[in-house]
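# Remarks on the overall topology
Below are the chains, spelled out letter by letter.
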Amino acid sequence: MSIMPIYIAPHSVLKKVAEPIEAVNDELKKLMDDMLETMYNAPGIGLAAPQVGVSKRLLVLDVEQPRGPDDEDLPLEKRRGKPICFVNPEVLWSSDEPNVYDEGCLSLPGQFAEIERPKKVRVKFVNYEGKQEEIEADGLLATCLQHEIDHLDGVLFVDHLSQIKRNMIMRRLKKWTKENAEDLADTHIL
Ligand code: NI
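Anyway, here's the lowdown on the structure attached to this text. (Residues numbered from 1 in each chain as written. Predicted model: local features only at pLDDT ≥ 70, side-chain atom pairs only at ≥ 80, totals over all residues. Heavy atoms only, no water.)

## Here we look at the pattern of salt bridges
Evaluated as defined, the whole model comprises 12 salt bridges. In this structure, Glu-134 and Arg-122 form a salt bridge, with 3.8 Å as the shortest nitrogen-oxygen distance. You can see Glu-134 sitting in strand β8 (residues 132-138) and its partner Arg-122 sitting in strand β7 (residues 120-126), a full 12 residues away along the chain. Residue Arg-122 is classed as partly exposed on the basis of its relative accessible area of 30%. (Salt bridge = Lys/Arg side-chain N within 4 Å of Asp/Glu carboxyl O. Helix = DSSP H or I, 4+ residues; strand = E, 2+ residues; numbered from the N terminus. Buried < 20%, exposed > 50% of the residue type's maximum accessible area, 1.4 Å probe, protein only.)

## Points about the coordination of the nickel ion
Summarising the metal site, the nickel ion is bound by the protein donors Cys-105 (SG), His-147 (NE2) and His-151 (NE2), whose distances to it range over 2.1 to 2.2 Å. Counting along the primary sequence, the residues that act as donors to the nickel ion give the motif C-x41-H-x3-H. With Cys-105 in the loop between β5 (98-103) and β6 (113-118) and His-151 in helix α2 (residues 139-152), this pair connects stretches of sequence that are 46 residues apart. Since its relative accessible area comes to 10%, Cys-105 is described here as buried. (Donors = N, O, S within 2.8 Å, 3.2 Å for Na, K, Ca; no water.)

## Examining the environment of Ala-49
With respect to the secondary-structure elements, Ala-49 resides in the loop between β2 (46-48) and β3 (58-61). Classification of Ala-49 as buried rests on a relative accessible area of 0%. Here the alpha-carbon distance between Ala-49 and Val-13, two residues 36 residues apart in the chain, equals 9.9 Å. Not counting residues up to four positions away in its chain, the partners in contact with Ala-49 are Met-35, Val-54, Lys-56 and Leu-58. (Contact = heavy atoms within 4.5 Å.)

None of this, on its own, says anything about what the molecule does.
The following block contains the structure:
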């Protein structure tokens, strides 16, 4: 497995609509493994393929990662909780009931905003083994899944905000990446 560089907004690959995947083969499984390792390393709870520069309809997430006794990040090899890989995910149903969550994104490091989304979603997808599956997600899993599916359509969490708020966050991000350019150099694409 290897850690892939993460693309930072406003890189154009993050604005593209990603292509459907035709088959789950060894090459795709390698990509899924690498994306999971990249996500755990970041650390993050979700990662979509466009965020590692691959414009394909694939995302990985793990919202059940164990934490240390003082809520600190565990060593990389101990972060695996319940990883799920979603190939060609499709929202079949979403609840009228909304939920608000303070969202962040590995492609907008250091930035957060409260985003309202449906509280529950039902999603169909192809899993790591290449089998068709359906999941009903609630709470953090539902939020994360919708955030990552957005990435496959070239949508970032800031696109759910007013233009004023979005511009403010993008300006802050630009400043943040400038200040942290040295730390980001090996692992991020600016
Ligand atoms: Ni994101």
